[in-house]
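Reading the structure
The primary structure of each chain is shown beneath.
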Amino acid sequence: MSEGRPSKLVVLTHSLTGGGAERFASTLVRHLDRRRFHPSVLAATAERTYQVPADVPVSVLGYRGPLDLPRTVLATRRHLAELAPDLVLSNVLSTNCLAGGALWRRPEPPAWVARVGNAPELAEPWWQRLWAERVYPRARFVVSNSARMAEAVAREYPELAPRLRVLPNPTDFAALDSLAAAPPTHRRGEEEARLIWVGRLTPQKRPLLALEALARLRQEVDARLWLCGSGPLAEAVERQVEKLELGDAVEQLGFVANPFPLLAQADLFLLTSDFEGLPNALIEAQGLGVPALATSCPYGPDEIVEEGVTGRLVPPGQAGVLAWEARQLLADRPQLLEMGRAARERARRLFDLAAVLPRWQALLLEAVGESA
């Protein structure tokens, strides 16, 4: 209980750069009501792309890899003792394990909320699963960012079912509109069809599948792709571009801190993942009015894209189906424009800050025994 003062909240995150969980942490601490919360950030590593306000202290644990984990757990425990929070919010499996380890057998520990952001049966290494099984029962709430993923978490960890909650990530569309209005660093050709893919270059996200689909699509359509992302498959992507003779049809842009001017120019957003949680990039693209062609993978795309209304959903792993659907969408420009308008309205209605932040604040207050 914070006894009339703002609740001291520590958000434990891997970093403040890169993925959806990190953007979630940055967005949340920027917009929490300061009359109810005094937030700070505890980051495992120092990388920072997403900014936080000046009133939010950021501490860095200096995590250097798996062999450094015992030291990092002790450092987390020490930082939490110094910060003396009322509440800890961890935002992915790795930081959930870190929080659980740091709070283990601590006298009078703070309330703890653990957020799950990826398909548990597909994305969790066995050793982290064992750890999670030990520590998750100590969390006040476990939050899934999609409804179907919550069902999966309940299957994997049945004892958590009474404490499971479903809350999507709050998306600051006003900020994205401002970012999208920046002068673009790359421009599309007037006659071409422009696709965009945004994500980590990992096997989960299947960037090579996107390239194969593009190669098939280009047999009939002058289509080009902006590929935004970095990761372990970067060299494999380069080899695939060369193998498929895609040449200048693919612009490999690496990690793009502000992809939104590119999204504002795109005809179609591609998501080719084998599994997800609730992909932020897809929400952002839809909210900026970009129709989506996405795999209906576990979990999340079918909760973001309304089939046939804001885009199309296809089975994972099928480049031919992706190419065929892209061809049909790009051939009907009026339908594509209407999908974009519907996507913008739906994404903002479901995922905008105004809709989601009050629900997050209510949950965090409930975790510390206060009412909204």
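Reading the values: the criteria
Residues numbered from 1 in each chain as written. Predicted model: local features only at pLDDT ≥ 70, side-chain atom pairs only at ≥ 80, totals over all residues. Heavy atoms only, no water. Helix = DSSP H or I, 4+ residues; strand = E, 2+ residues; numbered from the N terminus. Buried < 20%, exposed > 50% of the residue type's maximum accessible area, 1.4 Å probe, protein only. Contact = heavy atoms within 4.5 Å. Polar contact = N/O pair within 3.5 Å; in protein donor to acceptor, adjacent residues only side chain to side chain. Pairing = 2+ DSSP bridges. Axes fitted to C-alpha atoms, helices over the stretch in contact; angles between N-to-C directions. Patch = residues over 30% accessible without salt bridge, like charges linked within 9 Å, V, L, I, M, F, W, Y side chains within 5 Å. Areas by Shrake-Rupley, 256 points an atom, 1.4 Å probe, with all protein chains shown as cover. Salt bridge = Lys/Arg side-chain N within 4 Å of Asp/Glu carboxyl O. Right-handed = clockwise from strand over helix to strand, strands pointing away.

1. Some details on the environment of threonine 295
Relative to the helices and strands, threonine 295 resides in strand S12 (residues 292-295). Judged by relative accessible area, which is 0%, threonine 295 ranks as buried. Note: C-alpha distance between threonine 295 and serine 273 (22 residues apart in sequence) is 6.4 Å. Apart from the residues lying within four places of it in its own chain, the contact partners of threonine 295 are Leu271, Thr272, Ser273, Pro301, Leu313, Val314, Pro315, Pro316 and Gly317. In this structure the side chain of threonine 295 is engaged in a polar contact, spanning 2.7 Å, whose partner is the backbone oxygen of serine 273.

2. Side note on the sheet that holds strand S5 (residues 111-116)
Note on sheets: strands pair through backbone hydrogen bonds, and any given pair is parallel or antiparallel. Pairing in this open sheet of seven strands is parallel, and the strands run S3-S2-S1-S4-S5-S6-S7 from one edge to the other. Taken across any chain shown, the strands that pair with only one partner, and hence form the sheet edges, are strand S3 (58-60) and strand S7 (164-166). For this sheet, the mean inter-axis angle between neighbouring strands, taken without regard to orientation, is 25°. Two strands pair when backbone bridges link them, and strand S2 (residues 37-43) and S3 are joined in this way by three bridges, in the parallel orientation. Note that in S3 the partner of leucine 42 across the bridge is serine 59. Against the sheet, helix H1 (residues 20-31) makes contact with strand S1 (7-13), S2, strand S4 (87-90) and S5, and its axis sits at roughly 160° relative to S1, the strand it touches most.

3. Considering a nonpolar patch on the surface
The grouping of Trp126, Trp127 and Leu130 at the surface amounts to a nonpolar patch, some 370 Å² of accessible area in total. A residue is classified by how much of its surface remains accessible, and tryptophan 127, at 35% relative accessible area, is partly exposed.

4. What to know about the pairing of S12
Residues Ala292 and Ala294 of S12 are buried on one face, and the alternating residues Leu293 and Thr295, pointing to the opposite face, are buried as well. You can see the chain leave strand S11 (residues 268-271), run along helix H11 (residues 280-287) and come back into S12, and the turn it takes is right-handed. Bridging between S12 and strand S13 (residues 311-314) involves four bridges; their strand directions are parallel. Bridge assignment links leucine 293 to a residue of S13, and that residue is arginine 312.

5. Observations concerning the pattern of salt bridges
By the definition in use, this model includes 30 salt bridges. Aspartate 86 serves as the salt-bridge partner of arginine 5, at 2.9 Å between the closest nitrogen and oxygen. Taken together, the residues span a long stretch of sequence, with arginine 5 in the segment before S1 and aspartate 86 in the loop between helix H2 (69-83) and S4 at a distance of 81 residues. A relative accessible area of 37% places arginine 5 in the partly exposed class. Residue classification places aspartate 86 among the buried residues on the basis of a relative accessible area of 13%. Between arginine 224 and glutamate 192 there is a salt bridge, with its nearest N and O atoms 3.4 Å apart. Taken as a pair, arginine 224 in strand S9 (residues 223-228) and glutamate 192 in the loop between helix H7 (173-180) and strand S8 (193-198) lie far apart in primary sequence, 32 residues in all. An identical accessibility class is assigned to arginine 224 and glutamate 192; each is buried. Three or more residues are tied together by salt bridges with common partners; here these are Glu192, Arg194, Arg218, Asp222, Arg224, Asp248 and Glu251.

6. So, the pairing of S11
Of the two faces of S11, the one holding Leu268 and Leu270 and the one holding Phe269 and Leu271 are both buried throughout. Inspection of the sheet shows S8 paired to S11 by three bridges, in the parallel sense. Its bridge partner being in S11, leucine 195 is matched across the sheet by leucine 268. Here S11 runs beside S12; their pairing, made up of three bridges, is parallel.

7. Points about the environment of valine 237
Assignment of secondary structure puts valine 237 in helix H9 (residues 234-243). When the C-alpha atoms of valine 237 and phenylalanine 275 are compared, they prove to be 19 Å apart, with 38 residues separating the residues in sequence. Each residue touching valine 237, except ones within four places of it in the same chain, is listed here: Leu201, Pro207, Leu208, Leu211, Leu227 and Gln252.

What is shown is where atoms sit, not what they do.
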